[in-house]
Amino acid sequence: MTFQEAHEKLDVIIDKHDLSWFEPEEKDVFLNLAQQEFVNQRYSEFEINEKRRQDIRTLVTTQVSTGNTITIPNDMLYVLSVKGEFIVTSLGQNELRETSIRPIQHDDVNKIIHDPFNKPTNFDPVYITNSNEISIKCDSAASNVSLVYIKEPIAVDGTNTPNGVFDTPSYTHNEIINIAVRKMLGSIEQQNYDLQVNEIQNQE
């Protein structure tokens, strides 16, 4: 669905509720708020069921790098997983092994680094997230580090780019529009607000 088509669908639904006209810029604002709510809610339930994963599957992205520092991509919204290849010693032999890298809180990292029993190793690496990078703690440099994340969806701008399209799967577009309508109804305190909330719940 293009942004222009989303605008037109909003007009149809709003007209059905006999509401005042919304300007194109206002429609974009509500559609972006709706899209943000949709993605955030789906991410919060990403591991619960397959539908939630499919709802935002087109936003799942992978970045591969080398070393113990990953520059956070500009479009990253949420980290899903981090894994890398590490040299580990097993039975006296060095081998390259792929290992998941688990997140750790900032207030815990200094404790475990100086704790010989919990110190991060190539067998059990950890990472912390700073303002613009992900830092991996382990014995040595990692290689082929894969950062899997959910990217921010493209902003809806039907005013200037009417032929632009949503980043999410096509079947989710009506759900996003219904969330936008709910927000529009709520913004003008319409009695139809509750009806629209029920419609959104029933579309699951």
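A brief report on the enclosed structure follows. The model shown is predicted, which means the values in this text are computed figures rather than measured ones.

## Let's talk about the nonpolar core
Grouped together as the largest cluster of nonpolar side chains are 24 residues, with contacts concentrated most on L10, L31, I56, I177 and V181. Where this core is concerned, the elements lending two or more residues are α1 (3-16), α2 (24-44) and α5 (173-187). For this core, the element with the highest residue contribution is α5, accounting for 7 residues. By size, the runner-up hydrophobic cluster in this structure holds 14 residues, among which are I70, I134, C138 and V145.

## Some points on the environment of M76
Here M76 is to be found in strand β3 (residues 76-90). Between the C-alpha atoms of M76 and M1, which are 75 residues apart in sequence, the distance is 24 Å. In this structure, M76 is in contact with L147, Y149, I150, K151 and E152, ignoring residues within four places of it in sequence.

## Focus: the side chain of D55
Here D55 shows up in helix α3 (residues 50-55). For D55, a relative accessible area of 0% gives the class buried. Among the polar contacts listed, one links the side chain of D55 to the side chain of R42, at a separation of 2.9 Å. Each residue touching D55, except ones within four places of it in the same chain, is listed here: F38, R42, T168, P169, Y171 and T172.

## Things to note about the environment of G164
With respect to the element layout, G164 can be found in the loop between β7 (143-151) and α5. Spatially, the C-alpha atoms of G164 and R42 are 22 Å apart, while their sequence positions differ by 122 residues. Residues within four places of G164 in sequence aside, it is in contact with M1, T2 and F3.

## Digging into the packing of α1 against α5
Direction vectors running N to C along α1 and α5 enclose 50°, while the axes themselves pass 10 Å from each other. Relative to α5, α1 is oriented oblique. Crossing hand, α1 versus α5: right-handed. Contacts from A6, K9, L10, I13 and I14 of α1 reach α5 at N174, I177, N178, A180, V181 and M184. Looking at side-chain class alone, the contact of α1 with α5 contains 8 nonpolar, 2 polar and 1 charged residues.

## Focus: the packing of aromatic side chains
One pass over the structure, following the stated rule, counts 3 aromatic pairs. When the ring of Y43 is compared with that of Y78, the centres are 3.9 Å apart and the planes differ by 5°; the resulting orientation is stacked. Here Y78 lies in strand β3 and Y43 lies in helix α2, a separation of 35 residues in the sequence. We classify Y43 as partly exposed; its relative accessible area is 27%.

Each value, and the rule that gives it
Residues numbered from 1 in each chain as written. Predicted model: local features only at pLDDT ≥ 70, side-chain atom pairs only at ≥ 80, totals over all residues. Heavy atoms only, no water. Core = buried A, V, L, I, M, F, W, Y, C linked by side-chain atoms within 4.5 Å. Buried < 20%, exposed > 50% of the residue type's maximum accessible area, 1.4 Å probe, protein only. Helix = DSSP H or I, 4+ residues; strand = E, 2+ residues; numbered from the N terminus. Contact = heavy atoms within 4.5 Å. Polar contact = N/O pair within 3.5 Å; in protein donor to acceptor, adjacent residues only side chain to side chain. Axes fitted to C-alpha atoms, helices over the stretch in contact; angles between N-to-C directions. Parallel < 35°, antiparallel > 145°, perpendicular 65-115°, else oblique. Left-handed = near helix turned anticlockwise from the far one by under 90°. Nonpolar A, V, L, I, M, F, W, Y, C, P; charged D, E, K, R; others polar. Phe/Tyr/Trp six-rings, centres within 6.5 Å; stacked < 30°, edge-to-face > 60°.

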